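# A closer look at the structure
Listed here are the chains, written in short residue letters.
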Amino acid sequence: MQEIALRGLRPEPQRQLRQIAQELKQTGAAAKRFRPQLKPGTRLIREWQGRTYEVVVRDDGLSWQGTHFRSLSAIARKITGTAWSGPLFFGLKPNRPANRRSSQQA
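Residues numbered from 1 in each chain as written. Predicted model: local features only at pLDDT ≥ 70, side-chain atom pairs only at ≥ 80, totals over all residues. Heavy atoms only, no water.

Among the structural elements, Arg46 can be located in strand E1 (residues 43–48). The side chain of Arg46 is buried and forms no salt bridge, while Glu47, the nearest opposite charge, is found at 7.9 Å. Within the structure, Arg46 has its side chain in polar contact with the backbone oxygen of Phe89 (distance 2.6 Å). Apart from the residues within four sequence positions on either side, Arg46 is in contact with Arg51, Thr52, Tyr53, Trp84, Phe89 and Phe90. (Helix = DSSP H or I, 4+ residues; strand = E, 2+ residues; numbered from the N terminus. Buried < 20%, exposed > 50% of the residue type's maximum accessible area, 1.4 Å probe, protein only. Lys, Arg positive; Asp, Glu negative; His and termini not counted. Salt bridge = Lys/Arg side-chain N within 4 Å of Asp/Glu carboxyl O. Polar contact = N/O pair within 3.5 Å; in protein donor to acceptor, adjacent residues only side chain to side chain. Contact = heavy atoms within 4.5 Å.)

This is the structure:
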C-alpha cells in the first residue's frame, strides 16, 4: 500500500536493493551497510562539552569551520581529539547496547 501511495522507491534505493539481492544470491550473505544519504545543505548540529558544533553537508563532502572533510569521523576526531564514529557522534546511528557483561559486577 505504501509503495502504491508513494509511487515506489526512488532510483538509488532500488539500485541498492538490487545490489544487496545480487550479493545475497552470489555469496549467501549480504554484508552491505549503506550510510544514510544526507542531502547537500543539511546541517548537523552537535553539542559537546558545552560547545555547539555545526557541520554542513556539501555536494563534494562536508564542511566544518570552513574546512572541507570527506567523512564525519574525521570531523568527530578533530572535535574530540579521539577516534569516534562520526555517524554515532552526530546522532545518525544509534548507540548499540553492550552485549557483553561488565567486568565490574555488583
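With that settled, consider the pattern of salt bridges. Overall, the coordinates contain one salt bridge when judged by the stated rule. Between Glu54 and Arg43 there is a salt bridge, with the nearest N and O atoms lying 2.6 Å from each other. Of this pair, Glu54 sits in strand E2 (residues 51–58) while Arg43 sits in strand E1, and the two are 11 residues apart along the sequence.

The antiparallel open sheet is built from four strands, whose spatial order is E1-E2-E3-E4. In this open sheet, the two edge strands, each paired with only one partner strand, are E1 and strand E4 (67–69). On average, adjacent strands in this sheet sit at an angle of 30 degrees to one another, irrespective of strand direction. Bridge count between E1 and E2: six bridges; the pairing is antiparallel. For Glu47, the partnering residue across the bridge sits in E2 and is Thr52. (Pairing = 2+ DSSP bridges. Axes fitted to C-alpha atoms, helices over the stretch in contact; angles between N-to-C directions.)

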